[in-house]
Amino acid sequence: MPLLAVPLFLDPKLEPPLTSLLASSRFLHDLVDGLGSPLNVVVPDRIAENVARFRSVFRRHHLEGEISFAHKANRSSALVRRLAATGAAMDVASLGELQHALACGFTPGRIGATGPKEPEFLWLAACAGVTVNVEGHAELQALAALVRRHGLPRMRVLLRLSDFSGTAVKVLSRRSRFGFPTSELAGLLDACERHHEALEVIGVSYHLDTTSLDEKALALEGCVRAMDECRARGMRPRVIDIGGGFGVSYLADGAQWERYTSQLTLAAMGRREALAWRNHSYGLSSEGGTLRGSLDLYPSHRPVAGADYLDELLRSPAPTLGRPLATLLLENLYDLCVEPGRALLDQCGLTLARVLETRLETDGTHSIRLAMNADDCALEEHGILMDPIVLHRGERWESTEGSAESFGVHLHGNLCLESDLITRRLVFLPRLPDPGDLLAFPNTAGYCMDFNAHHAQRRPLARKVAAYLGADGWQWRLDDQYWPIHSEEDAHEV
Ligand SMILES: *Cc1c(COP(=O)(O)O)cnc(C)c1O
């Protein structure tokens, strides 16, 4: 079958307010005309809605605790300031993120410090009195020493645990570089007892970078057992922090994802034309007609993600204790803490890029050159496959779902680098863009927007703006000029 005869669309999932923002094509063109390409747009009001969705799952299970945004997923000030005006907390992983959270309005009681920590980060965390998620013995020692040497108040700490596979259940649990293996818990608690004057153990935590519910259920049950050990020693722990990794579903239609990945498998086996640049096949290969490897991609369509994933986890039975995990927490009156990064940023922004050139190649595909590079919109870096939306200059955007026409295109970036493709995948577009048109990459706020951005070739970093619906429709501020006093409700109150 000829390559371009049957298009393989991957339509992004779009919800308000992104749908309404995309419908304001003129507004978006004006922004890029004025501020340059690429341009990142964040929608702070949506993050508040995502917090509310997580909160409603807590309520459904009668659980108390914090919803803590993992800051590392986006550098935006607007999003963090908007969050400060909700009941959410912040999870910071660097000195800069801690300073930022404090400056955006978070009080230390609503901040947790995680990740590998430099002495300066630990110092400010200890001084400000934020909760520290302790990752190892050296950190525990350093923290206790800081408190003693400077006569600081006793610090609240969570013990980050890892490697929960030492139980009777046969669930594969990956070893983590972070945290204390549960098999070493006794020694860890001995150390905590020695530092009792300086450090108060308020609970335990884990963060697993996996989509597997079984792995997470095992870890959560492991945390409940660890809490029992703490209590047996006379400690009074009250918090179980289950980290992030609730995920986002990026595509509107699961069937498109199924079709696409099965065609990708055929391409890797050489049974159809390549679907990506230079026959890249995302981790799959063929050896004498047998498929090897595994798909190295984010599951772009997830039947259950975000707050719904938390709900499903809490409903799951504990692997050995049997009762639902939510019941276990409730029976013990433990607070539940979650640290979603990506999931709180679902539908919170998009990345815009100007089309510079469209060229027909001899194989019938088109090459599109964009005023952005692969790291300005790190979809490929995170293995997220989804189609951009074409915003023609001077036209309204209309959904092209079910379009009969299609064009196979490769999206090239602006670096002098053969490998600078925004996505290595051959993308099918229902209409071909012209130079001057915009491509909108939706739902990029989680990790894609600025996690990998750099100054290669002395190109400026993308600017970021916060868009919000005011009394006169869509309005904007530069990200660092936004405070949550501009939205429509607040505008009416003034
Ligand atoms: C990155 C990270 C998170 C957030 O993970 P997501 O997959 O974005 O939800 C939460 N907690 C810790 C400790 C992390 O390192």
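Residues numbered from 1 in each chain as written. Predicted model: local features only at pLDDT ≥ 70, side-chain atom pairs only at ≥ 80, totals over all residues. Heavy atoms only, no water.

## Considerations on the overall build of the protein
- Helix and strand content of the protein: 13 helices and 20 strands.
- Referenced to the eigenvectors of the C-alpha coordinate spread, the extents of the protein come out at roughly 75 × 65 × 45 Å.
- For the protein, the proportion of its 494 residues judged to be buried stands at 55%.
- Long-range contacts, defined here as pairs at least 24 residues apart, represent 71% of the contacts in the protein between residues at least 6 apart.
- Just so you have it, the protein exposes about 21100 Å², and 51% of that area is on carbon and sulfur atoms.
- Charged side chains in the protein number 51 positive and 63 negative. The centres of these two groups are separated by 3 Å. (Helix = DSSP H or I, 4+ residues; strand = E, 2+ residues; numbered from the N terminus. Buried < 20%, exposed > 50% of the residue type's maximum accessible area, 1.4 Å probe, protein only. Contact = heavy atoms within 4.5 Å. Areas by Shrake-Rupley, 256 points an atom, 1.4 Å probe, with all protein chains shown as cover. Lys, Arg positive; Asp, Glu negative; His and termini not counted. Charge placed at Lys NZ, Arg CZ, Asp CG, Glu CD.)

## Thoughts on the site of the ligand
- Taken together, 13 residues form the shell around the ligand, and within it K72, G245, E339, R342 and Y447 come nearest.
- Here a nitrogen atom of the ligand sits 2.6 Å away from a polar atom, N or O, in the side chain of E339.
- One nitrogen or oxygen atom from the main chain of G341 is found 2.9 Å from an oxygen atom belonging to the ligand.
- Alone, the ligand offers 390 Å² of accessible surface; in the complex the protein occludes 87% of this. (Near = heavy atom within 4 Å. Polar contact = N/O pair within 3.5 Å; in protein donor to acceptor, adjacent residues only side chain to side chain.)

## Digging into the pairing of strand β8 (residues 199-205)
- Counting buried positions along β8 yields 6 of 7 residues, so the element is predominantly enclosed.
- In this structure, β8 lies alongside strand β9 (residues 239-241), joined through 3 bridges in parallel fashion. Looking at β9, one finds that V204 is bridged to I240.
- As a crossover connection, the stretch from β8 through helix α9 (residues 213-232) into β9 is right-handed. (Pairing = 2+ DSSP bridges. Right-handed = clockwise from strand over helix to strand, strands pointing away.)

## Considerations on the packing of helix α5 (residues 95-103) against helix α6 (residues 119-128)
- The interhelical angle for the contact between α5 and α6, taken along N-to-C directions, is 30°, at an axis separation of 9 Å. Our classification of the angle between α5 and α6 gives roughly parallel. Across from L95, L98, Q99 and L102 in α5, the residues of α6 making contact are E120, F121, L124 and A125.
- In terms of residue class, the contact of α5 with α6 is built from 6 nonpolar, 1 polar and 1 charged. (Axes fitted to C-alpha atoms, helices over the stretch in contact; angles between N-to-C directions. Parallel < 35°, antiparallel > 145°, perpendicular 65-115°, else oblique. Nonpolar A, V, L, I, M, F, W, Y, C, P; charged D, E, K, R; others polar.)

## Describing α9
- Given a rise of 1.5 Å per residue, 20 residues ought to cover 28 Å, and the 29 Å separating the end C-alpha atoms of α9 matches this to within 8%.
- Taking the backbone nitrogen of D214 as reference, a side-chain oxygen 3.4 Å away marks S212 as the first, capping residue of α9.
- Where α9 terminates, the next one or two residues include G234, which has phi positive at roughly 85°. (Expected span 1.5 Å × (residues − 1).)

## Description of the environment of R160
- Assignment of secondary structure puts R160 in strand β6 (residues 155-162).
- Separated by 132 residues in sequence, R160 and R292 have C-alpha atoms that sit 36 Å apart.
- Beyond its immediate stretch of four places on either side in the chain, R160 contacts N133, V134, E135, F178, G179, F180, S205 and H207.
- A distance of 3.2 Å separates polar atoms of two side chains, one belonging to R160 and the other to E135.

## What about the pattern of salt bridges?
- Enumeration according to the criterion identifies 25 salt bridges in this entry.
- The salt bridge partner of D33 is R354, with a shortest N-O separation of 2.4 Å. One end of the pair, D33, is in helix α2 (residues 25-35); the other, R354, is in strand β13 (residues 349-360), and 321 residues separate them in sequence.
- Take R354: its relative accessible area is 11%, and that puts it in the buried class.
- Across the salt bridge formed by R160 and E135, the nearest N and O atoms sit 3.2 Å from each other. Of this pair, R160 sits in strand β6 while E135 is found in the loop between β5 (131-134) and α7 (137-150), placing the two residues 25 residues apart along the sequence. Taken individually, R160 and E135 each receive the classification buried, so the pair is uniform in this respect.
- One network of salt bridges, in which partners are shared, links K13, E15, R46, E49, R53 and D346. (Salt bridge = Lys/Arg side-chain N within 4 Å of Asp/Glu carboxyl O.)

## What to know about the pairing of β13
- For strand β1 (residues 39-42) and β13, the ladder comprises 4 bridges, and the chain directions are antiparallel. Of the residues in β13, the one forming a bridge with V41 is L350.
- Here 5 bridges tie β13 to strand β18 (residues 438-442), and the two strands are oriented antiparallel to one another. In the strand pairing of β18, T351 is matched with F441.
- Pairing between β13 and strand β14 (residues 366-370): 5 bridges, direction antiparallel.

## Topic: the domain arrangement of the protein
- What the domain assignment lists for the protein is domain 1 (3-42 + 348-472), domain 2 (45-247 + 302-345) and domain 3 (254-293).
- Here domain 1 and domain 3 have C-alpha centroids that lie 24 Å from each other.
- In this assembly, 15 residues from domain 1 lie in contact with 14 residues from domain 3.
- Taken together, domain 1 and domain 3 are joined by 0 salt bridges.
- Those elements that place two or more of their residues in the side of domain 1 that touches domain 3 are β16 (407-412) and β17 (421-429).
- Broken down by element, the residue count for the side of domain 1 that touches domain 3 peaks at 5 residues, all from β17.
- Of the residues assigned to the side of domain 1 that touches domain 3, the class counts are 7 nonpolar, 3 polar and 5 charged. (Domains from an automatic or database assignment.)

## Re the side chain of T261
- In this structure, T261 sits in helix α10 (residues 254-268).
- At 2.8 Å, the side chain of T261 and the backbone oxygen of W257 are in polar contact.

## Side note on the packing of α6 against α7
- Running from amino to carboxyl end, α6 crosses α7 at an angle of 55°, the nearest separation of the two axes being 10 Å. Between α6 and α7, the interaxial angle falls into the category oblique. In this structure, α6 meets α7 at a crossing whose hand is right-handed. Taken together, the residues of α7 that come into contact with α6 (itself represented by L122, W123 and A126) are E139, A142, L143, L146 and H150. (Left-handed = near helix turned anticlockwise from the far one by under 90°.)

## A short note on the nonpolar core
- Among the nonpolar cores identified, the biggest contains 90 residues, and I240, I242 and L310 are the most heavily contacted of them.
- It is α9 that provides the largest number of residues to this core, a total of 9 residues.
- Composition of this core by domain shows at least three residues from each of domain 1 (3-42 + 348-472) and domain 2 (45-247 + 302-345).
- Ignoring any residue separated from it by four or fewer positions in sequence, one finds I242 in contact with Y206, L220, L310, L313, L336, C337 and V338. (Core = buried A, V, L, I, M, F, W, Y, C linked by side-chain atoms within 4.5 Å.)

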